[in-house]
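Summary of structural features
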There are 2 protein chains.
Amino acid sequence: MKIIVDAFGGDHAPLEILKGCADAVKELDISILLTGRASEIRRVAKEHAISLEGMEIADAPDVITMEDHATDIMKAKKNSSMAEGLRRLAAGEGDAFVSAGNSGALVTGATMIVKRIKGIRRVAFAPVLPKGKGCFLLIDSGANSDCQPEMLRQFGVMGSAYMERVMQIPNPRVGLVNVGTESGKGNALMRETFPLLQDSGLNFVGNIEAREIPADAADVVVADGFTGNIILKMYEGVALTLLGKIKEIFQKSLKNKIAAAVVMKDVKTFKRQMDYNEYGGAPIMGAKKPVFKAHGSAKARTFTSALRLTKAYVESDVVSAIAETVAAAKSGSSAQELEKAESES
Amino acid sequence: MKIIVDAFGGDHAPLEILKGCADAVKELDISILLTGRASEIRRVAKEHAISLEGMEIADAPDVITMEDHATDIMKAKKNSSMAEGLRRLAAGEGDAFVSAGNSGALVTGATMIVKRIKGIRRVAFAPVLPKGKGCFLLIDSGANSDCQPEMLRQFGVMGSAYMERVMQIPNPRVGLVNVGTESGKGNALMRETFPLLQDSGLNFVGNIEAREIPADAADVVVADGFTGNIILKMYEGVALTLLGKIKEIFQKSLKNKIAAAVVMKDVKTFKRQMDYNEYGGAPIMGAKKPVFKAHGSAKARTFTSALRLTKAYVESDVVSAIAETVAAAKSGSSAQELEKAESES
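From a predicted model like this one, the values you see are computed outputs, not experimental measurements.

Once that is clear, we can look at the nonpolar core. Core analysis: the largest hydrophobic core is formed by 188 residues, its most contacted members being Tyr162(A) and Tyr162(B). Once residues lying within four places of it in the same chain are set aside, the contact partners of Tyr162(B) are Val128(B), Leu137(B), Met167(B), Pro283(B), Met285(B), Phe292(B), Leu309(B), Tyr313(B) and Val318(B).

This is the structure:
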C-alpha cells in the first residue's frame, strides 16, 4: 500500500510529518509518497537523521497556509503540496492521501480533484471525538453550512460505514442532533431528515440532544455542517475553559500544588483520553478515494496514528461499501430524489 | 411592586417556591401574588412554618407538567397555575410573572396571553450563563427553531437592552454565532443577519466562534433557537462529563481522596461560579410585560435570585426600551421589512 502525504501541511511541518512517516514505514508496512519542496524535505531529513527509506518525493513548490481561502487550491495554490498530492491520488499513484493542512482546502480539493463517489451529494468532514467511554464520529462538522435532508441521510450512511469498518464498532448507533428526542422536534431540516434516517436501514436511534453527546448518545452523530461545527467548537471551548479553571485551582497555593501532584498522573491519563489528537484526525468522507485530515497541531506520534487509521480506511474498503449502498438506494425508492440531486450538484 | 409567581412550577414546587418567595418579600420590598391550589399552598406553608405575609393567592386547580405539550397551556391546561398567572399579568394585576415550570409552555403562554411588544416578531428564551469571567446572555436558546434574519436582529436589540439595564453591563458586546469570524462565513441565515446587526446601532463585535463563547466572546450571544439550544446543551453536557471524570479521579484511591479534600473548597467555589442556577434563570424576552423563567431545579435561594432579577427587569423598564427601539427602527429604513414581518406573523 502506498499512502501519499502532504509534507508541508500542519503547524509542525515538515519535521514532525517526516518523523511520523518514518515511524509509520517501520511499523505499518506501507510505502509513502511525499509531496512538497523536495530539497527542503531532504535537508530537514538529513539534519534530523530521519531515514527516508520507503519514501519517494514528488516535488511541489508551493504551500497552502491556514490563511488561504479553500478555493485557492484550484487556482492560486494549484502548485501546492496539497494540490499535488490530491492530483496524484486521483491519477492512481497512491491508495490514500493524508494532510494536516487547511481543512477547507482539503474538502474543496477532495471534491474538485479526487471527485465524489457516484450519487454522493457532498463530501463531509468527519472527526472522531472522545466521549465518556470510547469515541464517536461527528458528520458533518463543517464542510457544508447549508444542507438538505438527503445529504444528512448520506452522512449517516458514510459515518456508519466508517465506524463499523475502520473503528471496529459493530452495528454503530446513528443519532440525529436535535433539540428534543421526539420525532416532530427541531427545525425544518431535522424534521425532514428524521424519516429518511428511519427508513435508511441504518441502526438509527432517533433524535439525540446535544447534552448527551459527550457522555454517549450515539456512535455516529449526524448534523448539518453548521450545527456540527458549533458542536465541535463548543466541545473544545468548554473543555478548555473548565480545564483552565481546574489548573488555576491546582496552582493557587502551595497546599493545592502538593494535592495536585498526588492526582497529576490520573489527570494526565484523563486528559489523554479526552484529547482528540489521540484519534489522529478526521476522514473526509464521500470522495472516490480515501482522503484523511490529520489534526493541524499533529506531532510525529499523532501523525503516525493518522497514517494507521488511513491504512485501515484503505483496507476496509469503506469507499466501495458507500458506493454500493448509494447505488442500492438509487435503484430503490429514493432514486428520483437522487437523480434530482445529481442534476443539481 | 407586585410579582406574580407560579407556585406549582418546577421540580421543588410548591415548598421551595414558597420559601424563596418568603425570603424575597423580606429582602426585596415586593409583594407577591401566588397562583396555584390555594388549599395546598396554605397547608404546605403551615406545615413548614413559612409566613405568607405580603402574599396573596389566586386559586388555580391545575398544573402544567414537564411532559405537557407547550400548546396545552391554551387548551387542556388553561386552568393551570401558569396560565392563571399569565392571564393576571396581562390583566394588569401584577408587574411581572415568574415560573420555574415548563419552558415551552411559558414561551407559548407569553406569546398568546401576554402578547408580543408591537413590532417584535417572536419572543425569545434568553438564559444568562456563566463564562470565564462574569456572564453572558444566549438569545434565542430554544423558543424558535426556524428563524429569519430580522428575528435575529431583534434578539440582538432585546438581549443588549437586558444586559445593559438588568445585568448592569455598559454598552454590551453583541456577537453572532458562526463557524468563522469573517463576514461571509456561515449558513444563509447568518450571512444575511450579519449586515442587519452591523447596521443596528448595537455594539456589534461581529461573528463569534463557539469555541470562544465559554471564555469571553461577547456579552450577548445571538443565535437562532436551534443553534442556541445546541450551545446551551453542549455547555451542560461537556461540563457534566468533565466534572464527572474529575470526580472519578478524586475518588479513585485513598491518596486521591486526601488530595481532593485539600482543594475541595476551591473546587466548590469554582462549581458555584459555573452554576447557572446562580443567575436565577432566563428572561422570556419580547412579551409586553416581564416574564421570567426560573431554573426548573430551583430551590429557595435560586428562586429568590430569580425574583431579585425580575424586580430589576421591571424597574429597569427593559420592555419600554425595546418597544422604543423597535418603533424607531420602524420609522427608519427597515420599516418595510417590519410591516411585511407583522403581516406574516
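Let us now look at the confidence of the model for chain A. Per-residue confidence for chain A averages 91 on the pLDDT scale, and 94% of its residues sit at or above 70. In the model output, the complex is listed with pTM 0.89 alongside ipTM 0.87.

Another aspect to go through is the packing of aromatic side chains. The geometry of two aromatic rings is summed up by the distance between their centres and the angle between their planes. All names here are of chain A. Scanning all chains against the criterion turns up 5 aromatic pairs over all chains. Summarising the aromatic geometry, the rings of Phe136 and Tyr235 are spaced 6.5 Å apart at their centres and angled 15 degrees between planes, so their arrangement reads as stacked. Pair noted here: Phe136 is in strand β7 (residues 135-139) and Tyr235 is in helix α8 (residues 225-250), with a separation of 99 residues, a long-range link. As far as the burial class goes, Phe136 and Tyr235 line up, both buried. Measuring from ring centre to ring centre gives 5.3 Å for Phe194 and Phe204, while their planes differ by 70 degrees; the resulting arrangement is edge-to-face.

This brings us to the relation of the copies chain A and chain B. With an RMSD of 0.0 Å, chain A superimposes on chain B once it is rotated by 180 degrees and translated 0.0 Å along the axis. One copy is carried onto the other by what is essentially a two-fold rotation axis. Distance from the rotation axis, computed per C-alpha, reaches its smallest value in chain A at Ala259(A): 2.2 Å. A high fraction, 100%, of the interface residues of chain A reappear at the interface in chain B, so the copies pair face to face through one surface.

Below, the discussion takes up the interface of chain A and chain B. Taken together, the contacts link 47 residues of chain A with 47 residues of chain B. Between chain A and chain B, the buried area comes to about 4500 Å², and carbon and sulfur atoms account for 72% of it. Contact with chain B buries area across many residues of chain A, yet Arg211(A), Phe226(A) and Met234(A) alone supply 16% of it, more than any other trio. Scanning the region where chain A abuts chain B turns up 8 salt bridges. Our enumeration of links across chain A and chain B arrives at 12 residue pairs in polar contact (both at pLDDT 80 or more). Breaking the side of chain A that touches chain B down by element, the ones donating at least two residues are β8 (173-178), α6 (188-198), α7 (213-216), α8 and α9 (254-274) of chain A. Of the residues belonging to the side of chain A that touches chain B, the class tally is 26 nonpolar, 11 polar and 10 charged.

Now for unusual backbone geometry. Negative phi characterises most residues that are not glycine, and trans characterises most peptide bonds. Omega for the bond connecting Ala13(A) with Pro14(A) falls within 30 degrees of zero, at 0 degrees, which places this linkage in the cis form. Here Pro14(A) shows up in the loop between β1 (2-6) and α1 (15-28). In this structure, Asp140(B) follows Ile139(B) across a cis peptide bond, with omega equal to 0 degrees. Note that Asp140(B) resides in the loop between β7 (135-139) and α5 (149-165). Positive phi is not limited to glycine here, since Asp317(A) has a value of about 55 degrees. With respect to the helices and strands, the residue Asp317(A) is situated in the loop between α10 (300-315) and α11 (318-331). You will see that Lys115(B), though not glycine, has its phi angle at about 75 degrees, which is positive. Secondary-structure assignment places Lys115(B) in the loop between α4 (103-114) and β5 (124-125).

On to the environment of Ser51(A). Residues and elements named next belong to chain A. Its location among the elements puts Ser51 in the loop between α2 (38-47) and β3 (55-59). Linking Ser51 and Lys19, residues 32 residues apart in sequence, is a C-alpha distance of 8.6 Å. Polar side-chain contacts of Ser51 include one of 3.1 Å to the backbone nitrogen of Glu53.

The end-to-end C-alpha distance of helix α8 (residues 225-250) of chain B, which contains 26 residues, comes to 37 Å, matching closely the 38 Å that a straight helix rising 1.5 Å per residue would cover. Burial of α8(B) is extensive: 21 of the 26 residues sit out of reach of the surface.

What counts, and at which threshold
- Residues numbered from 1 in each chain as written.
- Chains lettered and ligands numbered in written order.
- Predicted model: local features only at pLDDT ≥ 70, side-chain atom pairs only at ≥ 80, totals over all residues.
- Heavy atoms only, no water.
- Core = buried A, V, L, I, M, F, W, Y, C linked by side-chain atoms within 4.5 Å.
- Buried < 20%, exposed > 50% of the residue type's maximum accessible area, 1.4 Å probe, protein only.
- Contact = heavy atoms within 4.5 Å.
- pLDDT = per-residue confidence, 0-100.
- Phe/Tyr/Trp six-rings, centres within 6.5 Å; stacked < 30°, edge-to-face > 60°.
- Helix = DSSP H or I, 4+ residues; strand = E, 2+ residues; numbered from the N terminus.
- Least-squares fit on C-alpha atoms with pLDDT ≥ 70 in both.
- Buried area = accessible area lost by both parts, 1.4 Å probe.
- Salt bridge = Lys/Arg side-chain N within 4 Å of Asp/Glu carboxyl O.
- Polar contact = N/O pair within 3.5 Å; in protein donor to acceptor, adjacent residues only side chain to side chain.
- Nonpolar A, V, L, I, M, F, W, Y, C, P; charged D, E, K, R; others polar.
- Expected span 1.5 Å × (residues − 1).

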